[in-house]
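This is what each chain is made of:
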Amino acid sequence: MDEAQVERLCQIAPKYGLTLEHQGLIITKINDQPTTFDTASYMPDQFVDLLSKIIATNMKADLWRWQ
């Protein structure tokens, strides 16, 4: 990914329930949790798939915690 794609991804992420922060090509926070994902290591579709897995994991956790 390039920096323009990372910036765009950070702008559209809230539409899908995620907040992302970045410094250059590094995603530094996902939903206020510190992280260090180097987006240069991913094709854009691969990184979106990774984010989708994070959303799915969070949904599953919420489902099992539901009372």
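Residues numbered from 1 in each chain as written. Predicted model: local features only at pLDDT ≥ 70, side-chain atom pairs only at ≥ 80, totals over all residues. Heavy atoms only, no water.

With respect to the environment of A61
Then comes step 1: Structurally, the position occupied by A61 is in helix α2 (residues 44–65).
Then comes step 2: Put simply, A61 and M1 are 60 residues apart on the chain and 29 Å apart in space, counted from C-alpha to C-alpha. (Helix = DSSP H or I, 4+ residues; strand = E, 2+ residues; numbered from the N terminus.)

Quick notes on the pairing of strand β2 (residues 26–30)
Then comes step 1: Pairing between strand β1 (residues 20–23) and β2: four bridges, direction antiparallel. What sits directly across from E21, in β2, is K29.
Then comes step 2: The turn linking β1 back onto β2 is made up of two residues, and G24 within it adopts a positive phi angle of 65°.
Then comes step 3: Where β2 and strand β3 (residues 33–38) come together, four bridges link them in antiparallel fashion. Along β3, the bridge assignment pairs I30 with Q33.
Then comes step 4: Here β2 hands over to β3 after two residues, with N31 in that stretch at a positive phi of 50°. (Pairing = 2+ DSSP bridges.)

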